[in-house]
Amino acid sequence: KGSSRWRLEVGRMMLRRGLGAVVQRAGLRTSVPKAVGLYDPSQERDNCGVGLVAKLNGEQSRQIVLDCNEMLVRMSHRGGCGCDPASGDGAGMLVGTPDRFMRLEAEKLGVELPPLGQYAIGMSFLPRDEALAAEWRASLERISRRRGLKVLGWREVPTDNSALGAAPLATEPKIEQIMLQRPASWDERKFDRELFMVQRVVELEARAVQEERGLEEQDLLYLSSLSPWSVVYKGQLTPEQVLGYYTGDLMHDAFETHVALVHSRFSTNTFPSWSRAQPLRNMCHNGEINTLRGNKNWMRAREPLLRSRYYGDSTSDLLPVASDDMSDSGNFDAVLQLLTRASDRTLPEAACMMVPEAWQDNDMLTPAKKAFYEYHSCLMEPWDGPALIAFTDAHKYCGATLDRNGLRPARYYVTRDDRVLVSSEVGVLPRVQHSEIKTRSRLEPGKMFLLDFEEGRIVPDDEIKETVASAKPYDEWLPPPPG
């Protein structure tokens, strides 16, 4: 296939039939393969660039989107692409729900949105085949109504794929947003939990249908986000392509946010796909989870014992959580979601539980912190990297944590106008002058950087962990030391 004759034929086919025919004729991959040769999907890893921009007071602005996109583009070297430079390993942006923009778009559809927090946006990757897409729309609506949610309507997300290479075009989904409303009797927490149940049921149903009907990944429904507070724009893109691909949304003057996470993916010895791109629903990740096999096995072993007092007997509908169909980051995100949405654990508490600092034989820790880590070591093994995890619920918290190995860089800056910048690289926003910077530092091994939007401040690592550790009498729950 390296002959000049074959290349000439490819060129003619591109002119006659379009890239879809080229993909089929040239034998390009159109989905993630099963285990073959040295490739095993259970060993999916990511090694990438991560960035975060937020406003401490939670005020939405257009500049956050533009700054985060510049940060993403300047981390292109941290992502990967195929031999075709227009075929990226994946890139994307997680933003707080752009309320003003969504209202303008809903009005065009004749939909009146309730106040922010009382409606959710579900970013949906649907099959290009309209018959299959209609099946999945009906399925999502059925599951949503069964959980008590009101379906307000669907919105087609305008995209421009003119800059995409052959590989992402071959599996490009149809991208639409479903709008759901919570009942008046529900509070925020109830709404969030029911949305999580909808998401999990859809995911598990998609896997079952895939096995039963032998469908490819691009023939399934994938929810990249389903939340009242955040929306994820991502895909099998290069960092430079994200803004242009989602130009109808991300380039709109009314599209504003108070927080944005960006990610440039390098799929280490694995296959890129639209669903594996990041950010995921609550986090993005630079590095590798090198304890992944053990983490997944222990999650599966403990699943028969899992029970949420909110879901009761329906807890089993959330399981299994870990999967070989997801990357290490995907599995981390799934467990993080379970811990924060099926229980009362806060996002920083769950992050401390999954990515603990080095606590054994550490005399610098308070007794409360040691008891917290020791107690949780009986419930979950550390998800060890090297790993830098940036996370947010886009409502109360946003932050980043470095695992105890400390082998992934993370710098943060706080400007005098209370913008917060976190990145795995230096110099991602060169327009920020030294005179504008109020504070700057780096994340240390096992430490956490946290923004509390409700309080409008950065919470120090010691305060975060002391608060979490003293919330319950963990020392009383531990067995007495021997002797």
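Up top you'll find the structure we're talking about.
This report concerns the structure included in the present document.

What counts and how
Residues numbered from 1 in each chain as written. Predicted model: local features only at pLDDT ≥ 70, side-chain atom pairs only at ≥ 80, totals over all residues. Heavy atoms only, no water. Helix = DSSP H or I, 4+ residues; strand = E, 2+ residues; numbered from the N terminus. Buried < 20%, exposed > 50% of the residue type's maximum accessible area, 1.4 Å probe, protein only. Contact = heavy atoms within 4.5 Å. Areas by Shrake-Rupley, 256 points an atom, 1.4 Å probe, with all protein chains shown as cover. Pairing = 2+ DSSP bridges. Axes fitted to C-alpha atoms, helices over the stretch in contact; angles between N-to-C directions. Phe/Tyr/Trp six-rings, centres within 6.5 Å; stacked < 30°, edge-to-face > 60°. Lys NZ or Arg CZ within 6 Å of the ring centre and 35° of its normal.

## Observations concerning the overall build of the protein
Each helix and strand counted, the protein has 15 helices and 18 strands in total. The buried share of the protein, reckoned over its 483 residues, is 58%. Contacts spanning at least 24 positions in sequence make up 76% of the contacts within the protein whose residues lie at least 6 apart. Accessible surface, the protein as shown: approximately 20,500 Å² in total, 51% of it carbon and sulfur.

## A short note on the sheet that holds strand 9 (residues 259–264)
Read from one edge to the other, the open sheet built from 7 strands follows the order 8-3-9-2-15-14-16, with strand pairing classed as antiparallel. Each edge of the open sheet carries a strand with a single partner, namely strand 8 (230–235) and strand 16 (437–442). For this sheet, the mean inter-axis angle between neighbouring strands, taken without regard to orientation, is 10°. Of the pairings in the sheet, the one linking strand 3 (residues 91–96) to strand 9 comprises 5 bridges and is antiparallel in character.

## What about the sheet that holds strand 13 (residues 397–402)?
In a beta sheet, neighbouring strands are held together by backbone hydrogen bonds and run either parallel or antiparallel to one another. Taken in spatial order, the 5 strands of this open sheet run 11-12-13-17-18, and their pairing is antiparallel. At either end of the open sheet lies a strand with only one pairing partner, and these are strand 11 (283–287) and strand 18 (457–459). Here the strands of the sheet are splayed against their neighbours by 15° on average, with no regard to which way each runs. Note: strand 13 against strand 17 (residues 448–452), 5 bridges, orientation antiparallel. Across the sheet, Thr 401 pairs through a bridge with Met 448, a residue of strand 17. Helix-sheet contacts for helix 11 (residues 328–341) involve strand 11 and strand 12 (387–392), and the interaxial angle to strand 11 is about 140°.

## Re the packing of aromatic side chains
Applying the stated rule across the entire model yields 14 aromatic pairs. Plain terms: the ring middles of Phe 372 and Tyr 474 are 5.4 Å apart, the flat faces sit at 80° to each other, and that makes the pair edge-to-face. One end of the pair, Phe 372, is in helix 13 (residues 367–377); the other, Tyr 474, is in helix 15 (residues 474–477), and 102 residues separate them in sequence. Residue Tyr 474 is classed as buried on the basis of its relative accessible area of 3%. We note Lys 190 situated over the ring of Trp 186; from NZ or CZ to the ring centre the distance is 5.3 Å.

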